[in-house]
Amino acid sequence: MEFTAIPGVGEKTAASLARLDDAERALRDGDVAALARAPGLTAGRAAAIARGAIRKRHGDDGGFLATSHTRDLYEDVLGLLQARTETTYAEKRLETLFPSTAESRIEEVRAFASEAMAREVDDAVLDALSDVAPLKSPPTQRVRERCLATADAERYAETDEAYPELSVEIVEDGRDIAELARSYSTVVVIDETFAGIDVEGDVRVWPDALDRPADIVPERLLNFFAANRSRLLAAAEVHEAAGMDPACSLADLRDGLSRVDDDGELVGDDELTRLTNAVDDVSAAVSTAESVANDHLRDAIREQDVTIEGTDFLSLVEQGARVDSLLDRELADQYDDALAKAREHVVDSLSLKSGEDGPVERLFPTDPTFPVEHREDVASRLKTELGAARDQRAARLKAELATDLGDLREPVEALVRDALERDVELAVARFARDFECVMPEFGGSGFAIEGGRSPLLDVDFADVDPVDYTVEGVTLLSGVNSGGKTSTLDLVGVVVLLAHMGLPVPAERVRLETFEELHYYAKSQGTLDAGAFEATLRDFADLTEGAENRLVLVDELESITEPGASAKIIAGILEELDGQDATAVFVSHLAGGIREAADFHVAVDGIEAVGLEDGQLVVNRSPVKDHLARSTPELIVEKLAGESGNAFYDRLLKKF
Ligand SMILES: Nc1ncnc2c1ncn2[C@@H]1O[C@H](COP(=O)(O)OP(=O)(O)OP(=O)(O)O)[C@@H](O)[C@H]1O
């Protein structure tokens, strides 16, 4: 695949994507986590690239979000979905859902969303999901006790790249290999020519070394699983709690993970623990054994009546305190006992097995001496032999575990991905549940919303009054202050955006046209100066051109300039739109003036106050079709006219 063909992907990003193993799959699935593994790509950029790839696949030019306010509204809608995720992955993945004009794309997401809405939202699943994250690659860890060797300079580079954990050594002959075997516990020679070589030490000739990472560096797999332990266990839990079909045996996964600690070291093997402890305890055991022997001898000497011949006594006096011969003669048996006790202590405290205690025999001098001192070279030999036994066992166990984990390496990617994707589905399911959504139907012209409730209102969703609103063609929306005109435009915008994203909408029923563009203009913050007015007018001039089936939502455009001029401008824009088959809703308090200025019959809908209750307006939130709603001042004057006997209010009311 030509990555540069994706909108927004240049040469540099394409090169980065090419370094991924599974870029095409990741682009197809919108797998932002996998894309973000490409060097230099952030999760946000990965989502943008995934969007570009989707657009390209569906032939969508990406023009739906036509104004900055439309884009803001999309961000708000996306935020509501993202707030219902447990994982950062799902948060980013939701960014690959965008309003599209391509029917195939809308259909694709609708199929996904319909399935998602059927998912049960279970707290245990959400709990487990909060600990799931994309699998990470732990940093390369050097392994110092093993090396690779080759006489072939070409294979050297390849091997060095394949095994960054190990030293790769260039050798010329058997002597070089023997030399390496003295420095490393294990030497793996990768050249066939050395097959059958006979040198001392652990030397293996594996010409297929490049295909055997689990044998050569089992640590790689162990570290990977150790680093991802909590993510993997959480993904396993998600599968169980949600009753999903896991990509690998969860029992095997848990068993494998129980055999390695967080540092990638083996755990759970008693024999390895015994050997590891023995190596660590050799010095302490030997020194305690020495004390045991000396204590025994001291007691024995104390209790012994020593008869000493005159010549011996003379010799002692003349030669200094050499008592060895005396000990030999008088306490030979006791000395043997002392050594036996000392050796026994070493064997017992290190839990040595037969075959491992060879050096222990030679640990103390057999000729009687006092105080007894151990032989350091023998103690160190004991430590080296135990260390070698430990390393061999660890290497064998690591290789066995790496083989078991190796079988799980690929499936766990899918295991975690499936769990993360479930979070995306559950976000959609929770959104649909929280805002009582239905799947909209596409067809006809304009839109028809029944029982729509905006999730963006500043009141609790439970307190939002349902709104019915149908528009075909171009219409003005009039209504009392704070009646809900802006909220109605927001509702229409939200419903249309969600529908074009392929998602369910917060309403009882919705039918709508497949729009090409959504132009939404928010209320301007007040009268503009001449320059700003000109710029705004240019913006609106753009509105009069563009895709035929566009939806235009404009909130109180009149505030940009004085009412008379505003009415004319709005009338002019409406005329253009009316002639182009666009759908448009313009919120305005100037319906009368606009009608007068327009050269076609402008439809006016109205959000009406049905009365005043305790000084508060009681509003029917659903716009009434073809009805110019009375304004708040009119309602208040009417109220005063009815309540007080002052004829002024009656006269005033007639002016409305
Ligand atoms: N459908 C609804 N259900 C419940 N409350 C609503 C609904 N629509 C609007 N409101 C409430 O009315 C307030 C005013 O709504 P909104 O700003 O949409 O009115 P408006 O008609 O645009 O006002 P203005 O004429 O001042 O521009 C909202 O902040 C909200 O509290």
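Scoring rules and cut-offs
- Along each chain, numbering runs from 1 in the same order as the chain's sequence is written.
- For a predicted model such as this one, the threshold for reporting local features is a pLDDT of at least 70, and the threshold for listing and counting side-chain atom pairs is 80 or more; totals across whole chains, interfaces and linings nevertheless cover every residue.
- Think of it this way: take the backbone, place a C-beta atom on it, and check whether that atom is within 6 Å of the molecule or strand, in which case the residue is near it.
- Here a helix means four or more residues in a row that DSSP labels H or I, a strand means two or more in a row labelled E, and each is numbered from the N terminus.
- In the scheme used here, Gly and all other residues not listed as nonpolar or charged are polar, with Ala, Val, Leu, Ile, Met, Phe, Trp, Tyr, Cys and Pro taken as nonpolar and Asp, Glu, Lys and Arg as charged.
- UniProt positions are given in the numbering used here, feature names are shortened, and annotations may be inferred rather than shown by experiment.
- Contacts are defined on C-beta atoms placed from the backbone: any two residues whose C-beta positions lie within 7 Å are in contact.
- Strands pair, by our definition, only if DSSP identifies at least two bridges between them.
- Exposed residues have 12 or fewer other C-beta atoms within 10 Å of their own C-beta, buried residues have 20 or more, and partly exposed residues fall in between, where C-beta atoms are placed from the backbone.
- Bear in mind that the domain bounds are from an automatic or database domain assignment.
- A helix's residues, less one, multiplied by 1.5 Å, set its expected span.
- Only the stretch in contact is used when fitting a helix axis, every axis being a line fitted to C-alpha atoms; angles between N-to-C directions are given from 0 to 180 degrees.

Peer 1: Help me understand the site of the ligand in this model?
Peer 2: Around the ligand, the surrounding shell holds 15 residues, and the nearest of these are Asp 465, Gly 484, Lys 485, Thr 486 and Ser 487. Ranked by the residues each element gives to the shell around the ligand, the list is headed by helix α20 (residues 485–501), at 3 residues. Taken together, the residues of the shell around the ligand break down into 4 nonpolar, 7 polar and 4 charged.

Peer 1: Please clarify how the UniProt feature "binding site: ATP" (unreviewed entry) in the chain should be interpreted in this entry.
Peer 2: As recorded in UniProt, the feature "binding site: ATP" (unreviewed entry) lies at Gly 479, Val 480, Asn 481, Ser 482, Gly 483, Gly 484, Lys 485 and Thr 486. Position of Ser 482 among the secondary structure elements: in the loop between β8 (474–479) and α20. The residue Gly 483 is located in the loop between β8 and α20 in this model. Each residue touching Gly 483, except ones within four places of it in the same chain, is listed here: Ile 607, Ala 609 and Val 619.

Peer 1: What am I meant to see in the pairing of strand β13 (residues 603–613) here?
Peer 2: Walk down a regular strand and you will see the side chains alternate between the two sheet faces. Alignment of β8 against β13, held across 5 bridges, turns out to be parallel. Following the sheet pairing, Leu 477 is matched in β13 by Asp 605.

Peer 1: Looking at this structure, how should I read the pairing of strand β9 (residues 509–512)?
Peer 2: Side-chain alternation along β9 places Val 510 and Leu 512 on a buried face and Arg 509 and Arg 511 on a face that remains uncovered. In this sheet, β9 lies alongside strand β5 (residues 441–442) in parallel orientation, the contact comprising 2 bridges. By the bridge assignment, Phe 442 is partnered in β9 with Leu 512.

Peer 1: It is not clear to me how the domain arrangement of the chain should be interpreted in this structure. Could you clarify?
Peer 2: Accessible area lost upon the coming together of the parts serves often as the stated size of an interface. Assigned domains within the chain: domain 1 (1–58), domain 2 (144–216), domain 3 (270–390) and domain 4 (441–622). The gap between the C-alpha centroids of domain 1 and domain 4 is 38 Å.

Peer 1: Explanation requested: helix α4 (residues 43–58) in the structure shown.
Peer 2: Taking 1.5 Å of rise per residue, the 16 residues of α4 would be expected to cover 22 Å, and the 23 Å separating its terminal C-alpha atoms lies within 8% of that figure. Among the residues of α4, those classed as buried are Ala 46, Ala 47, Ala 48, Ile 49, Ala 50, Arg 51, Gly 52, Ala 53, Ile 54 and Arg 55. Packing partners of the buried residues in α4 comprise α1 (11–18), α2 (23–29), α3 (32–35), α6 (88–94) and α7 (103–117). Directly beyond the C-terminal end of α4, a positive phi value near 65° is found at Gly 59.

Peer 1: Explanation requested: the sheet that holds β8 in the structure shown.
Peer 2: Remark on secondary structure: sheet strands pair via backbone hydrogen bonds, oriented parallel or antiparallel. Spatial strand order, β10-β11-β12-β8-β13-β14: 6 strands in an open sheet with mixed pairing. What marks the edges here is a single partner per strand, and that holds for β10 (517–521) and β14 (616–624). Geometrically, the sheet is characterised by an average inter-axis angle of 15° between neighbouring strands, direction not taken into account. Pairing of β13 with β14, which is carried by 6 bridges, proceeds in the antiparallel orientation. Within β14, the residue paired with Glu 613 across the bridge is Gln 616.

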